[in-house]
Amino acid sequence: MLFNSIDFAIFLPIVFVVYWFVTSKNLKLQNLFIVAASYLFYGWWDWRFLSLIFFSTMVDYLVGLGLLKEENQIKRKILLLISVLVNLGFLGFFKYYNFFLENFIKVFSFLGTEIKANSLHIILPVGISFYTFQTMSYSIDVYKRKMEPTKDFIAFAAFVSFFPQLVAGPIERATNLLPQFYKKRAFDYSKAVQGMRQILWGLFKKIVIADNCAVYANLIFNQSASYSGSTLVLGALFFAFQIYGDFSGYSDIAIGTSRLFGFELMKNFNFPYFSRDIAEFWRRWHISLSTWFRDYLYIPLGGNRGGTLIKVRNTFIIFIVSGFWHGANWTFIVWGMLNALYFLPLLLTNKNRKNMEIVAKGKLLPGIKDLLFIFLTFIQVLFGWIFFRANNISHAISYISKILSHSLFTIPKFAGMDKALPIIILVIIFILIEWFGREGECAISRIVQNWYRPIRWSFYSFIIFLIGMFMPTVESPFIYFQF
Amino acid sequence: MKKFIITTTIFLIYSFVFYVVLLYFWGQYASPRFKPNFVYKIGSGGHTYTRLSEVKIFGEVDILFLGSSHAYRGFDTRIFLNNGLKTFNLGSSSQTPIQTKVLLDRYLDRLKPKLVIYEVYPEIFNLDGVESSLDVISNDKNDIQSLKMAFKVNNMKVYNAFIYGFIHDLFGLNKSYYEPVIKGDDKYVSGGFVERKIDFYQPKKLEKREIIFKDYQLAAFSEIIKTLKKQKIPLILVYAPIPKSNYNNYTNNNYFDSIMNRYATYFNFNEIISLNDSLHFYDYHHLNQKGVEKFNKKLIEILRENNAIIFESLCKK
């Protein structure tokens, strides 16, 4: 079920009413209802893959119980290994099987040995990269004794399958989300209102910004050979706002929806395009994934400790794995490596934690220096997005080569360009709202906080109107569903 | 909780009113590029406005024609009148079964046909119905049927057009509109037929394709059949001729015929009469007037042969 569908618009109020009016007196019943609603939400897409979620839930629950009883370190490691192997096994089979097979065939063919193997027609279960990481974090935290394993299977199943963040995150930590299923949730008016606001802003980002930018990004990327360098830059810009609107929009809807049910999820995006260096960008982009890799991969590998070589190795590992997590394609690996290359100079000169606060805090506008660094960081990110979006490496290289040609200095031109003008204006308005609201948890919350109710409501209504007026007529799924 | 529900409800009402008012002014004054989901064209192609105005005062008929542009450009009401039959053509551009059902529910009781001839073109079963919904909403009254249609089609353009059309109906803003009888190459003929200035088609190579049915269009089609059966009105399904160069590009014509045969008496005129692609058509799927005359003559002949009882009873009247 998509957040931007009529199905979800019907599903959400029904679940909300049953949750607060029918099941609220019994915590177990309420958690059970969350599981049922979440399985329905997921099964709406393809019920067959519910078995994967259930199996993953069972394995990690039992591993958790096993770790509770087991004191023998070797046996504890074996239990953890079971959890990791099962989760990564699912991920490996569904997401990477064909990639590895095709690449093995290519390597052997290069070495002169022909291998006959057929790739499988595997459907990638939506959200598998998200919930497998979430359940793994539980097993690892229990193994490291950072938290007590749960004996409450229903609460654990609700934690794994919680529908607002099941298919595209934020990838929650068991230490944050699981305890919220143990205690009775009380309805909080201001949190619910904040949740509604965040849902509205998320829908705007997804439907108005991302889906409309997608039309032009797809058009330009799919026919990149026939466009000028300047048009290709515009195509990359459209993609930059498509992916940001799409994914941060999803996260906003997920966080807002959770608030309606009394849950607090972690922040996943924190105005990343206003970052002044790439380290700051990665502290603000897909925070739940970046911190997951930091805590469960980078730090166990040694993190910043050790010599320069260790730092370089760890940085490359974390960025390459992060790239590969996004998809079974060399483009994602190169994108990861590119970000490692951006990041390393900052790390090695100890400047990676220079910009911790939001830019121009307490000020209306940024200084020239900040603006310059924001621009340079955005250019780096934009360059990376070309690899991320390209169909393959050669596509990305030809795209970049065309940008770097003399046609970069021509006026951008593509079919339907006049129709893109309103979208460009909307993107500019969107950037301004994000800028003025950057110190708040959600951009519009910050902006409207001191407005009178009629003005505030008119503003929300205008956003709804823009959604109605600019919503593409074909429902488009979220980009991160494919990851 | 109570406060939240009350506030949310009031906000939704406020927001709805805001949307309706803004939509009206935005629809009136915004530049077309700033209203991609706003399509409201009164007097659009195919004389739908005139047809749906005339149907309200036309009175009872012998035969009612339903279908897409192949119907209103294919069944010449004058030819049938010359054969003693009063007919009305309720076809409209890209009309899919969803809109046919709406129009039938609105006008069947008024027209009281003795026979319904439903033109079935394979493409209409695979359309989403947006274009035709916009046509019907812009050119006819808007009621609960239109709202149901909008929900079925489930497209923002249709919802916006419905709201805008409803405001127009409410304040009688379309009353002064007059649609000319002749628009470009089209001339409206009383009874719903649109005659096209004679033109010829130069056949082009078309891609091979398959006839596909959308489930919800087939469901609406079944409802139409049920409605007519319930009212005991005989129904004939007709696949109007299209150029051979187009017809032969469908890879599963037999499949389409078999499906149509399941629903009612069905005639595929592409297999019945032989027309010339250049001389009898003006584009890749519409008959020109010469083609219409040949097709209608054959249809009347076939009706006489195959539906002697119904046809004679109609003619006696």
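Residues numbered from 1 in each chain as written. Chains lettered and ligands numbered in written order. Predicted model: local features only at pLDDT ≥ 70, side-chain atom pairs only at ≥ 80, totals over all residues. Heavy atoms only, no water.

**Q** For this particular structure, what's the right way to read the overall build of chain A?
**A** Broken down by element type, chain A carries 18 helices and zero strands. Along the first, second and third principal axes, the C-alpha set of chain A runs to 70 × 70 × 45 Å. Split into buried and exposed, the 483 residues of chain A put 57% on the buried side. A sequence separation of at least 24 residues applies to 78% of the contacts in chain A between residues at least 6 apart. Only carbon and sulfur atoms are counted for the fraction: they give 68% of the accessible area of chain A, which is about 21,100 Å². (Helix = DSSP H or I, 4+ residues; strand = E, 2+ residues; numbered from the N terminus. Buried < 20%, exposed > 50% of the residue type's maximum accessible area, 1.4 Å probe, protein only. Contact = heavy atoms within 4.5 Å. Areas by Shrake-Rupley, 256 points an atom, 1.4 Å probe, with all protein chains shown as cover.)

**Q** Just to check I follow, could you spell out the packing of helix α4 (residues 73-110) of chain A against helix α12 (residues 308-326) of chain A for this structure?
**A** Helix-helix packing is described using two parameters, namely the angle between the two axes and the distance between the axes. All names here are of chain A. Running from amino to carboxyl end, α4 crosses α12 at an angle of 105°, the nearest separation of the two axes being 10 Å. Taken together, the axis directions place α4 and α12 in an arrangement best described as roughly perpendicular. On α12, the residues touching Lys95, Tyr96, Phe99 and Phe100 of α4 are Phe324, Trp325 and His326. Within the contact of α4 with α12, the residues separate by chemical class into five nonpolar, one polar and one charged. (Axes fitted to C-alpha atoms, helices over the stretch in contact; angles between N-to-C directions. Parallel < 35°, antiparallel > 145°, perpendicular 65-115°, else oblique. Nonpolar A, V, L, I, M, F, W, Y, C, P; charged D, E, K, R; others polar.)

**Q** How do you make sense of the sheet that holds strand β3 (residues 115-119) of chain B when you look at a structure like this?
**A** Sheet strands pair by backbone hydrogen bonding; their relative direction is either parallel or antiparallel. Residue and element names in this part refer to chain B. One open sheet holds the five strands; their spatial order is β2-β1-β3-β7-β8, and the pairing between them is parallel. Across the chains shown, the open sheet's two edge strands, defined by having one partner strand only, are β2 (87-89) and β8 (265-268). Within this sheet the neighbouring strands show an average axis-to-axis angle of 20°, counted without direction. The sheet contact formed by β3 and strand β7 (residues 235-239) spans four bridges and is parallel. Residue pairing in the sheet places Tyr118 in a bridge with Leu237 of β7. The sheet strands contacting helix α11 (residues 253-263) are β7 and β8, and the helix crosses β8 at an angle near 150°. (Pairing = 2+ DSSP bridges.)

Taken by themselves, the reported measurements are silent on function.
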